[in-house]
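Below, each chain spelled out in residue letters.
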Amino acid sequence: MPIPTFVRKLNIPLKRILQSRIIISSRTHGSVAEARSVLEKELDTIRAAGTWKGERVITSKQGPRITVDGSRGDILNFCANNYLGLSSHPEVIQAGIAALQTYGAGLSSVRFICGTQDLHKNLEKKLSQFHEREDCILYASCFDANAGLFEVLLGPDDAVLSDELNHASIIDGIRLCRAKRFRYKHMDLNDLEERLKESQSSRLRLVVTDGVFSMDGDVAPLVGICDLAEQYGALVFIDECHATGFLGPRGRGTDELLGVMDRVHIVNSTLGKALGGAAGGYTVGPKPLIDLLRQRSRPYLFSNSLPPAVVGSATRAVELLLASNEIAQSMAAKTMRFRNRMTQAGFTIAGTAHPICPVMLGDARLASVMADDMLKLGVYVIGFSYPVVPKGKARIRVQISAAHTDSDIDHTVDAFIQTGRKHGVIS
């Protein structure tokens, strides 16, 4: 075949290939452009509703006073979950440094392959001791602990009864299991009893509640829940992320606060709030349950082990609390100082005696603007709005820390009064 003829014949499929690639490229570009347009419209909707959640950049370690990018000087921090001030405690920091130097930056593995070190087992033992339970299993976060529990414990013959305002991680965890699902009205014991009656044919029944509900700072009625669970033969689970370390005489949590430590069967909690503030979560409960979670809990089996520095810091935080309840006991007076002064000034504060003190405002844009004005007055707080809280329930959630002084609290109340008057919230 003459070369010019061969080249012409070869050129025909090449042209077809190039044309098809141009068509595919054009379609792909069109799909990306369409997706981008959909996403931008959704983002514009969020901005228009006043519920856009910006991220302020902190340029210091976490503590009662921080430095914030774009602001001058120290800012009082009243919106961290650093309830006991341990995230910047020198002994906690030093323990993390020591663990990093001894055990390295990370395990590069999941626990059951080659990711378990003696410091992981030591922390699990101390957490079991702290909560007075048989055993403990560590996770990368409490979100993972909630995602890993229900699917393992409950099957299609079982039932789970959940408070309607439980944390998102509990809701997502329950969605992963095949148990029959019952939702009861928020902290409504009468409605819970009705759901228990409905589910009487189930093999296992698990009543699931936050110990403290993080958006409102209200405490679950655990005595009544335990009474009903015992009456109807159910188990009780609590998520203690906003209670561990500082509620109860020894800081053990809501079950200690309400005198039901021996009646609550399973506790999930976090290392990322009062217990050092880094990361990690855990489940404590009966040893057979913990053993089964090690065999089948997907977030445990398929997530890297907690880094040694995190484990070292958390271990020291737990040791401090096991040794003394002084830090935990300092919370109550400071919490009531803020709540009483704010109420006297005319603000509506949700919850009861918990250091989560939601300043209820209703309007999402108002909450955001007031939080910005508070920052100008030297106080770091954040406006909470939908979908974090229900529509019409926007608030600024203030969180008291044991590291705050009375002067810090008084300055923050004064800033709220000034800002509240400016926006017509109080007179």
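Refer to the structure presented above.
Draft legend 1. Here's a closer look at the pairing of strand β11 (residues 281-285). With respect to burial, β11 is a largely interior element, five of its five residues being buried. With burial as the criterion, each face of β11 is covered, one bearing Gly281, Thr283 and Gly285 and the other bearing Tyr282 and Val284. Pairing of strand β3 (residues 135-139) with β11 involves five bridges; the strand directions are antiparallel. For aspartate 135, the partnering residue across the bridge sits in β11 and is glycine 285. Examined bridge by bridge, strand β10 (residues 266-270) and β11 share four bridges and lie antiparallel to one another. Note on β11: the bridge partner recorded for valine 267 is valine 284.

Draft legend 2. Region of the structure containing the side chain of arginine 252. As for its position among the elements, arginine 252 is in the loop between β9 (235-239) and α9 (254-257). The buried charged residue arginine 252 lacks any salt bridge, with glutamate 132 as its nearest oppositely charged partner at 5.0 Å. A polar contact is formed between the side chain of arginine 252 and the backbone oxygen of phenylalanine 130, at a distance of 2.9 Å.

Draft legend 3. Molecular detail of helix α8 (residues 222-232). Those residues of α8 not exposed but buried are Leu222, Gly224, Ile225, Cys226, Leu228, Ala229 and Tyr232. Backbone geometry just after α8 places glycine 233 at a positive phi near 70°.

Draft legend 4. Looking closely at the sheet that holds strand β6 (residues 205-210). One open sheet accounts for seven strands, arranged β3-β11-β10-β9-β6-β4-β5; its pairing is mixed. Edge positions in the sheet fall to β3 and β5 (180-184), since each of these pairs with one other strand and no more. Within the sheet, the average angular offset between the axes of one strand and its neighbour, ignoring direction, is 20°. By the bridge criterion, five bridges tie strand β4 (residues 159-163) to β5 in an arrangement that is parallel. Bridging across to β5, leucine 161 finds its partner in phenylalanine 182. Strands β3, β6, β9, β10 and β11 of the sheet are contacted by helix α5 (residues 142-153), whose axis makes an angle of about 155° with β10. Against the sheet, helix α10 (residues 287-296) touches β3, β10 and β11, its axis set at about 30° to β3.

Draft legend 5. Main features of the pattern of salt bridges. Scanning the model with the defined rule gives 27 salt bridges in all. With its nearest N and O atoms 3.6 Å apart, the salt bridge here joins glutamate 319 to lysine 126. Of this pair, glutamate 319 sits in helix α12 (residues 308-323) while lysine 126 sits in helix α4 (residues 118-131), and the two are 193 residues apart along the sequence. Overall, the relative accessible area of 25% leaves glutamate 319 in the partly exposed class. Residue classification places lysine 126 among the buried positions, given a relative accessible area of 17%.

Draft legend 6. Geometry of the sheet that holds strand β15 (residues 394-399). In space, the three strands of this open sheet follow the order β12-β15-β14, with antiparallel pairing throughout. Among the strands making up the open sheet, the edge pair consists of β12 (356-362) and β14 (383-384). Strand direction decides the pairing type here: β12 and β15, joined by six bridges, are antiparallel. Along β15, the bridge assignment pairs cysteine 357 with valine 398.

Draft legend 7. Just the nonpolar core, in detail. Counting residues in hydrophobic clusters, the biggest one holds 52 residues, and the most contacted among them are Leu127 and Leu271. With seven residues, the single largest contributor to this core is α12. Discounting residues that sit within four places of it in the chain, leucine 271 has contacts with Leu123, Leu127, Leu138, Gly276, Gly277, Ala278, Ala279, Gly280, Gly281, Tyr282, Leu306 and Ala314. By size, the runner-up hydrophobic cluster in this structure holds 27 residues, among which are Phe338, Met342, Leu361 and Ala367.

Draft legend 8. How the structure looks around the packing of aromatic side chains. Evaluated as defined, the whole model comprises five aromatic pairs. Ring geometry for phenylalanine 338 against phenylalanine 416: centres 6.4 Å apart, planes inclined by 70°, an arrangement best described as edge-to-face. In this pair, phenylalanine 338 sits in helix α14 (residues 331-345) while phenylalanine 416 sits in helix α16 (residues 406-422), placing the two residues 78 residues apart along the sequence. The exposure class assigned to phenylalanine 416 is buried, which follows from its relative accessible area of 0%. Through a chain of ring-to-ring contacts, the aromatic side chains of Phe338, Phe347 and Phe416 assemble into a single cluster. Between the NZ or CZ atom of arginine 56 and the centre of the ring of tyrosine 380, over which it lies, the distance is 5.0 Å.

Draft legend 9. Fine view of unusual backbone geometry. Residue proline 387 is bonded to the preceding tyrosine 386 through a cis peptide linkage, with omega at 10°. Inspection of the secondary structure puts proline 387 in the loop between β14 and β15. Of note, glutamate 132 is a non-glycine position whose phi angle comes to about 55°, a positive value. With respect to the element layout, glutamate 132 can be found in the loop between α4 and β3.

Draft legend 10. Region of interest: the packing of α5 against helix α6 (residues 168-176). Where α5 meets α6, the axes come as close as 7 Å, and the angle between the chain directions of the two elements is 30°. When the interaxial angle is binned, α5 and α6 end up roughly parallel. Helix-helix and strand crossings are classified by hand; for α5 and α6 the assignment is right-handed. Counted together, Phe143, Asn146, Ala147, Phe150 and Glu151 of α5 and Ser169, Ile170, Asp172, Gly173, Ile174 and Leu176 of α6 form the full contact between these two elements. Its residues placed into classes, the contact of α5 with α6 shows six nonpolar, three polar and two charged.

Calculation notes
- Residues numbered from 1 in each chain as written.
- Predicted model: local features only at pLDDT ≥ 70, side-chain atom pairs only at ≥ 80, totals over all residues.
- Heavy atoms only, no water.
- Buried < 20%, exposed > 50% of the residue type's maximum accessible area, 1.4 Å probe, protein only.
- Helix = DSSP H or I, 4+ residues; strand = E, 2+ residues; numbered from the N terminus.
- Pairing = 2+ DSSP bridges.
- Lys, Arg positive; Asp, Glu negative; His and termini not counted.
- Salt bridge = Lys/Arg side-chain N within 4 Å of Asp/Glu carboxyl O.
- Polar contact = N/O pair within 3.5 Å; in protein donor to acceptor, adjacent residues only side chain to side chain.
- Axes fitted to C-alpha atoms, helices over the stretch in contact; angles between N-to-C directions.
- Contact = heavy atoms within 4.5 Å.
- Core = buried A, V, L, I, M, F, W, Y, C linked by side-chain atoms within 4.5 Å.
- Phe/Tyr/Trp six-rings, centres within 6.5 Å; stacked < 30°, edge-to-face > 60°.
- Lys NZ or Arg CZ within 6 Å of the ring centre and 35° of its normal.
- Parallel < 35°, antiparallel > 145°, perpendicular 65-115°, else oblique.
- Left-handed = near helix turned anticlockwise from the far one by under 90°.
- Nonpolar A, V, L, I, M, F, W, Y, C, P; charged D, E, K, R; others polar.

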